[in-house]
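# Tertiary structure, described
Listed here are the chains, written in short residue letters.
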Amino acid sequence: MTESRAADEARGVVPDAEHPDPPGADGTNPPAARAARTPSVSWSALRPLLLRLHFYAGILIGPFLLVAAVTGLLYTATPQIEAVVYRHELRVTPDGTPRPLAEQVAAARAAVPRGALVSVTPATGRTDSTRVVFAKPGLPDDHDQTAFVNPYTAEVLGQERTFAGWWLPVRAWVDGLHRHLHLGEPGRLYSETAASWLWVEVLGGLALWLTAPRTRQRVRRVVVPLGGPAGRRRTMSWHAVAGVWASVGLLGLSLTGMTWSAHAGASIGEIQSALTGPVPAVGTDLPGARAGGPDGGGRDVGIDAVVASAHAAGLRGVLNVSPPTADQAAYVVRENTRSWPERHDTVAVDPATGTVTDRADWADYPLSAKMTSWGIDAHMGLLFGLANQIVLALLAIALTGMLLGGYRMWWQRRPTRSEGVRFGRAPAPGAWRGLPGRFLAPAVLVVAVIGYYVPLFGLPLLCFLAVDLLVGFLRRRRAGRTGATA
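Nothing here was measured: the structure is a model prediction, and the numbers come from that model.

### A word on the overall build of the chain
- For the chain, the count of helices and strands is 15 helices and 8 strands.
- Contacts spanning at least 24 positions in sequence make up 59% of the contacts within the chain whose residues lie at least 6 apart.
- Put simply, the chain shows about 26,400 Å² of open surface, and 63% of that area lies on carbon and sulfur atoms.

What follows is the structure in structure tokens.
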């Protein structure tokens, strides 16, 4: 067998001369002959292409993933850090019967005289403080001033600047580091790039590892790493096995990370709304009522009666009470229980009578909206409490180890007999040339659609392709000069 014949067969192409077919009635080759000339799509042809993509993404996207993993690991510990740093504001000693909620809010108003009341979160447990949130001039966007009140004495325990009305400064700082490195909107590109490529690396790595040649006796090596002497083979085993065990969690982090990203998140939201419609929302308009509650001159039954009405309507757990405003005639009471099972029912309460005028129940949310909420809360370590935090920490550690192992494998592939510092070799280029057009055309279309909706997957992929083509061109040019010189 000649070298050209072997190369053709490796790509699934068999020369016509080796398989003559009688011509058809019109003088053309029949379908059997055309099929013989058509390259077949096999895993042996796809594997080199996937290996090269996995390599490029690992080298170039790896730093983004590494930063996301390290900052995410720090984020998993924020509840415990907050419990220590803000213990004086968050925890109280039970002492008899709590004072009326209106009295607690009045004490908070006195402590924040220039603030406009935004919401109140009554103490949930006997040792919890009440949170009273105010909008205050001079604060950054999405930040408020929160006063913490002892429900038994109506004493203000302290004040903190909170993010989105809930996150305390430590968590807000770590969250900003994880999401955008404290660089604002431009910094969000890093985390979206990491989320947009994590699923590609995980699925590609699984496909490469699960289809790697191995004997029946070595199937267990899929889930059990190799021991023995250090070397590239052992590094690859640990890298791949860690990916197998962590794959489901990492895919979940990738998907949920994209849901609130700047670009892909908007596309996901549009698709979700188109498929399931908007989530239920309460109406806050009251016929014949003046907006603004007591500040607008109308009668108000008070926040204690409003909370009692919400309890009577079935709301439990962590409640968030928003008073009437210029644009909102009714009180709005929302459940904010983000641990399992989640509770997100919402009611509107007439300030004049204390009756519930409208409600939006979590049970009526579309399944996709529920899944998005569950995924985001699991991503943040809120859904299953400490167990959720431990799983996230293990995933972050696994991802960090996999990334460092990948770079180590690259280093272990370097030429050892060359002078100076040399990097490892990349997988051979040109693998796509062995794939038939009937496969490449739809594959390119699918990738283009994904790249449109997930732009920070598509743009880096175009960069990879451009670099690959440039490297191939330079190598061919150098090889041509060498041949001419010889």
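### Remarks on the confidence of the model for the chain
- Here the chain shows a mean pLDDT of 86. Residues at 70 or above account for 84%.
- When the criterion is pLDDT under 50, residues 1–36 qualifies, and its contacts beyond four places in sequence or with other chains add up to 29 contacts.

### As for the packing of aromatic side chains
- A complete count under the given rule lists 11 aromatic pairs for this structure.
- A ring pair is formed by Trp199 and Phe457, whose centres lie 5.8 Å apart and whose planes are at 45 degrees; its orientation type is tilted. Of this pair, Trp199 sits in helix H8 (residues 188–210) while Phe457 sits in helix H15 (residues 455–485); the two residues are 258 residues apart in sequence, bridging distant segments of the chain.
- Look at Trp199 and you get partly exposed, because its relative accessible area is 23%.
- Pairing Trp362 with Trp374 gives two aromatic rings, centres 6.4 Å apart and planes at 70 degrees, and the pair type is edge-to-face.

### Digging into the side chain of Glu82
- Note that Glu82 resides in helix H4 (residues 78–85).
- By relative accessible area, Glu82 is classed as buried at 8%.

### Regarding the packing of helix H3 (residues 43–76) against helix H7 (residues 169–180)
- One way to put it is that H3 packs onto H7 with a least axis distance of 9 Å and a crossing angle of 165 degrees. When the axis of H3 is compared with that of H7, the two are roughly antiparallel. The two elements H3 and H7 meet at a crossing, and its hand is left-handed. The residues of H7 that touch H3, namely those facing Ala68, Thr71, Gly72, Leu74 and Tyr75, are Arg171, Val174, Asp175, Leu177 and His178.
- In terms of residue class, the contact of H3 with H7 is built from 5 nonpolar, 3 polar and 2 charged.

### A closer look at the UniProt feature "transmembrane region" (unreviewed entry) in the chain
- Mapped onto the present numbering, the UniProt feature "transmembrane region" (unreviewed entry) falls on residues 53–75, 240–260, 390–410, 431–450 and 456–474.
- As annotated, residues 53–75 comprises 100% helix and 0% strand, and the C-alpha atoms at either end are separated by 30 Å.
- In the segment residues 240–260, helix accounts for 95% and strand for 0%; the C-alpha atoms at its two ends are 29 Å apart.

### Re a nonpolar patch on the surface
- Together, Ile271, Leu275, Leu445, Val449, Tyr452 and Tyr453 make up a nonpolar patch on the protein surface, roughly 660 Å² of accessible area in all.
- Counting only elements with at least two residues in the nonpolar patch, the list comes to helix H10 (264–276) and helix H14 (437–453).
- It is H14 that provides the largest number of residues to the nonpolar patch, a total of 4 residues.
- Within the element layout of this structure, Tyr452 appears in helix H14.
- Taking relative accessible area as the criterion, Tyr452 reaches 64% and is therefore assigned exposed.

### Digging into the nonpolar core
- By size, the foremost hydrophobic cluster in this structure holds 33 residues, and its most contacted members are Trp197 and Leu250.
- Sorting elements by how many residues they give to this core places H8 first, with 9 residues.
- Once residues within four sequence positions are removed from consideration, Leu250 is found in contact with Leu198, Val202, Leu395, Leu399 and Met402.
- Ranked by size, the runner-up nonpolar core spans 21 residues in total, among them Ala108, Val112, Val120 and Val347.

### Some thoughts on the pattern of salt bridges
- Considering all chains together, one arrives at 9 salt bridges under this definition.
- For Asp361, the salt bridge goes to Arg359, with nearest N and O atoms at 2.8 Å.
- The structure contains a network of salt bridges with shared partners spanning Asp345, Arg359 and Asp361.

### Re the side chain of Thr146
- Relative to the elements of secondary structure, Thr146 occurs in strand S3 (residues 143–150).
- Within the structure, Thr146 has its side chain in polar contact with the side chain of Thr162 (distance 2.7 Å).
- Setting aside anything within four residues of it in sequence, one finds Thr146 in contact with Arg131, Val132, Val133, Gly158, Gln159, Glu160 and Thr162.

### Here we look at the packing of helix H9 (residues 232–259) against helix H12 (residues 367–379)
- Contact pair H9 / H12: the axes reach a minimum separation of 9 Å and the direction vectors enclose 110 degrees. If you check the angle between H9 and H12, you find them roughly perpendicular. In this structure, H9 uses Leu253, Thr256, Gly257 and Thr259 to contact H12, whose residues at the interface are Thr372, Gly375, Ile376 and His379.
- Here the residues of the contact of H9 with H12 are counted per class, giving 2 nonpolar, 6 polar and no charged.

### Regarding the pairing of strand S7 (residues 346–349)
- Residues Thr346 and Ala348 point to one face of S7 and Val347 and Val349 to the other, with burial holding for every one of them.
- Here strand S6 (residues 331–335) runs beside S7; their pairing, made up of 4 bridges, is antiparallel. Bridge pairing in S7 places Val333 opposite Val347.
- Pairing of S7 with strand S8 (residues 356–360), which is carried by 4 bridges, proceeds in the antiparallel orientation. From the neighbouring strand, Ala348 faces S8, where its bridge partner is Asp358.
- Here S7 hands over to S8 after 6 residues, with Gly354 in that stretch at a positive phi of 75 degrees.

About the cut-offs
Residues numbered from 1 in each chain as written. Predicted model: local features only at pLDDT ≥ 70, side-chain atom pairs only at ≥ 80, totals over all residues. Heavy atoms only, no water. Helix = DSSP H or I, 4+ residues; strand = E, 2+ residues; numbered from the N terminus. Contact = heavy atoms within 4.5 Å. Areas by Shrake-Rupley, 256 points an atom, 1.4 Å probe, with all protein chains shown as cover. pLDDT = per-residue confidence, 0-100. Phe/Tyr/Trp six-rings, centres within 6.5 Å; stacked < 30°, edge-to-face > 60°. Buried < 20%, exposed > 50% of the residue type's maximum accessible area, 1.4 Å probe, protein only. Axes fitted to C-alpha atoms, helices over the stretch in contact; angles between N-to-C directions. Parallel < 35°, antiparallel > 145°, perpendicular 65-115°, else oblique. Left-handed = near helix turned anticlockwise from the far one by under 90°. Nonpolar A, V, L, I, M, F, W, Y, C, P; charged D, E, K, R; others polar. UniProt positions renumbered as here; feature names shortened; annotations may be inferred. Patch = residues over 30% accessible without salt bridge, like charges linked within 9 Å, V, L, I, M, F, W, Y side chains within 5 Å. Salt bridge = Lys/Arg side-chain N within 4 Å of Asp/Glu carboxyl O. Core = buried A, V, L, I, M, F, W, Y, C linked by side-chain atoms within 4.5 Å. Polar contact = N/O pair within 3.5 Å; in protein donor to acceptor, adjacent residues only side chain to side chain. Pairing = 2+ DSSP bridges.

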